[in-house]
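Residue strings, one per chain:
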Amino acid sequence: GDSVTQMEGPVTLSEEAFLTINCTYTATGYPSLFWYVQYPGEGLQLLLKATKADDKGSNKGFEATYRKETTSFHLEKGSVQVSDSAVYFCALTSSGGYQKVTFGTGTKLQVIP
Amino acid sequence: SAVISQKPSRDICQRGTSLTIQCQVDSQVTMMFWYRQQPGQSLTLIATANQGSEATYESGFVIDKFPISRPNLTFSTLTVSNMSPEDSSIYLCSVGTEYGYTFGSGTRLTVV
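Sequence order sets the numbering: in each chain, residues are counted from 1 along the sequence as written. Just so you know, chain letters begin at A and ligand numbers begin at 1, following the order they were written in. Thresholds applied to this predicted model are a pLDDT of at least 70 for local features of residues and 80 or more for the giving and counting of side-chain atom pairs; totals over whole chains, interfaces and linings are not thresholded and use all residues. Hydrogens are left out, water is left out, and the side-chain values use all remaining heavy atoms of the structure.

Side note on the interface of chain B and chain A
Taken together, the contact between chain B and chain A spans 17 residues of the former and 17 residues of the latter. The quantity reported as buried area is the accessible area (1.4 Å probe) lost by two parts once they are put together, taken as the sum for both. Considering only the side of chain B, the residues that lose the most area to chain A are Ser-42, Tyr-101 and Phe-103 of chain B, jointly responsible for 38% of the buried surface there. For this analysis, a salt bridge means a side-chain nitrogen from Lys or Arg found within 4 Å of a carboxyl oxygen belonging to Asp or Glu. The interface formed by chain B and chain A contains zero salt bridges. Identification of polar contacts relies on pairs of N or O atoms within 3.5 Å, with a donor-acceptor requirement for protein atoms, meaning one able to donate a hydrogen and the other able to accept it, and with residues adjacent in sequence counted only if both atoms are side-chain atoms. Between the two partners, chain B and chain A, sit four residue pairs in polar contact (both at pLDDT 80 or more). Each helix corresponds to a stretch of at least 4 residues labelled H or I by DSSP, and each strand to a stretch of at least 2 residues labelled E; elements are numbered beginning at the N terminus. Of all elements in the fold, only strand E4 (31-37), strand E5 (43-50), strand E9 (89-97) and strand E10 (100-103) of chain B reach the threshold of two or more residues within the side of chain B that touches chain A. Residues are treated as being in contact if the distance between any of their heavy atoms lies within 4.5 Å.

Things to note about the pattern of salt bridges
As a working rule, side chains carrying opposite charge can pair if their charged atoms are close by. All names here are of chain A. Following the criterion strictly, the structure yields four salt bridges over all chains and no others. A salt bridge links Lys-52 to Asp-55; the nearest nitrogen and oxygen atoms lie 3.4 Å apart. Lys-77 is the salt-bridge partner of Asp-84, the closest N and O atoms lying 2.8 Å from each other. The two residues Asp-84 and Lys-77 agree in class, both being buried. Any residue under 20% of the maximum accessible area for its type is buried, any over 50% is exposed, and the rest in between are partly exposed; the area is computed with a 1.4 Å probe on protein chains only.

Remarks on the layout of surface pockets
Residues are called lining when one of their atoms sits within 4 Å of a cavity or pocket point, these points coming from a 1 Å grid over the protein atoms alone, where a cavity is a set in which a 1.4 Å probe fits but cannot get out and a pocket is an open set with protein on both sides within 12 Å along at least five of seven lines. Grid points are joined across faces, edges and corners, and a volume is the space filled by probe spheres set on the points. The computed volume of the largest pocket comes to approximately 440 Å³. What lines the largest pocket is a set of 28 residues, among which Gln-38 and Val-87 of chain A together with Gln-37, Gly-40 and Gln-41 of chain B lie closest to the centre. Of all elements in the fold, only strand E10 (86-93) and strand E12 (107-112) of chain A together with E9 and strand E11 (107-111) of chain B reach the threshold of two or more residues within the lining of the largest pocket. Taken together, the residues of the lining of the largest pocket break down into 10 nonpolar, 15 polar and three charged. Only Asp, Glu, Lys and Arg are considered charged, only Ala, Val, Leu, Ile, Met, Phe, Trp, Tyr, Cys and Pro nonpolar, and every remaining residue, Gly among them, polar.

Re the environment of Thr-24 of chain A
Residue and element names in this part refer to chain A. Along the chain, Thr-24 falls in strand E4 (residues 23-26). Taking relative accessible area as the criterion, Thr-24 reaches 33% and is therefore assigned partly exposed. When near neighbours in sequence (up to four residues on either side) are disregarded, Thr-24 contacts Ser-3, Val-4, Thr-5, Thr-71, Ser-72 and His-74.

Side note on the sheet that holds strand E8 (residues 75-80) of chain B
Residue and element names in this part refer to chain B. Sheet architecture is open: four strands sit in the order E1-E3-E8-E7, paired in antiparallel fashion. Either end of the sheet is taken by a strand with one partner, and the two such strands are strand E1 (4-7) and strand E7 (68-72). Across the sheet, the mean angle from the axis of one strand to that of its neighbour is 15 degrees, orientation sign disregarded. As paired elements, strand E3 (residues 19-25) and E8 share six bridges and run antiparallel to each other. Of the residues in E8, the one forming a bridge with Ile-21 is Leu-78. DSSP bridges decide pairing: two strands pair if at least two such bridges lie between them. Working convention: axes come from line fits to C-alpha atoms, limited for helices to the stretch in contact. Angles between N-to-C directions cover 0 to 180 degrees.

Some remarks on the packing of aromatic side chains
Two rings belonging to Phe, Tyr or Trp (six-membered ring only in the last case) form a pair when the distance between their centres is within 6.5 Å. Interplanar angles under 30 degrees mark stacking, angles over 60 mark edge-to-face geometry, and anything in between is tilted. Following the criterion strictly, the structure yields 13 aromatic pairs over all chains and no others. Look at Phe-34 of chain A and Tyr-36 of chain A: their rings are 6.0 Å apart centre to centre, the planes differ by 35 degrees, and that puts the pair in the tilted class. An angle of 85 degrees between the planes, with centres 5.2 Å apart, marks the rings of Tyr-36 of chain A and Phe-103 of chain B as edge-to-face. Placement of Tyr-36 of chain A in strand E5 (residues 32-38) and of Phe-103 of chain B in strand E10 is noted, with the two residues assigned to different chains. Across this residue pair, the class does not change: Tyr-36 of chain A and Phe-103 of chain B are buried. Members of the aromatic cluster, each reached through a chain of ring pairs, are Phe-34, Tyr-36, Phe-89 and Phe-103 of chain A together with Phe-33, Tyr-35, Tyr-101 and Phe-103 of chain B.

Observations concerning the pairing of E9 of chain B
Residues and elements named next belong to chain B. With respect to burial, E9 is a largely interior element, nine of its nine residues being buried. Both faces of E9 are covered, namely the face carrying Ser-89, Tyr-91, Cys-93, Val-95 and Thr-97 and the face carrying Ile-90, Leu-92, Ser-94 and Gly-96. Where E4 meets E9, six bridges bridge the pair, whose relative direction is antiparallel. If you follow Phe-33 over to E9, its bridge partner there is Ser-94.

Re the state of the cysteines
By disulfide we mean two sulfur atoms from cysteines, separated by a distance within 2.5 Å. Applying the stated criterion to the full structure yields two disulfides over all chains. Disulfide pairing places Cys-23 of chain A opposite Cys-90 of chain A at an S-S distance of 1.9 Å. Measuring the twist about the S-S bond at about -70 degrees, one finds the Cys-23 of chain A-Cys-90 of chain A disulfide to be left-handed. Here Cys-23 of chain A, found in strand E4, pairs with Cys-90 of chain A, found in strand E10; they are 67 residues apart in sequence, far enough to count as distant. The residues Cys-23 of chain A and Cys-90 of chain A share a single accessibility class, namely buried. Cys-23 of chain B shares a disulfide with Cys-93 of chain B; S-S distance 1.8 Å. Looking down the S-S bond of the Cys-23 of chain B and Cys-93 of chain B bridge, the torsion is -90 degrees, so its handedness is left-handed. Of this pair, Cys-23 of chain B sits in strand E3 while Cys-93 of chain B sits in strand E9, and the two are 70 residues apart along the sequence. Comparing Cys-23 of chain B with Cys-93 of chain B shows no difference in burial state: the two are buried.

Nothing here speaks to function; it is all geometry.
Given below as structure tokens:
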């Protein structure tokens, strides 16, 4: 079945540091890939998405590129801020209509001033 | 994208009781999904709810424990029945639209 593997946290970075959170996936066909973010005490929000190979999703300075050859969708940001502290979830849906979302285990990011 | 109103946002319940969680969507959607997020863990799909048919449950989840209603295309409820402390989690509903998947703000349930 489908699965998502992302790097374990917590990840602690200083403000303005470069962020990478690794994510790889296993799925049949051509899945859509997502990054969701959950800020402390809040619900889940879609951060970015990519629906086909080589697509780059971007939002709020975060980027991730759909790499089919390496089955990866790593999240990057050039300069993190304290306000980026949250839990980040990599996720996918299989191709074909509305399907359930398969989530990775989540990576907690803490940015210190 | 769709906007979901989920309530209650949190509750503290006695073991053995039941809690019904509601999700209202501001547009008609075919499929709604119910997830559980146990403390410190990722989200796990409980069931998929289609209007006019019985919900489809994932392995490890049963209708007697998590009955779901889907009376129309904008509303669904999930009941957590005969609760125990192990049911303490965040429960979220979700819908899929052409813009992607939107999640409710979640119901934080504590069973004492």
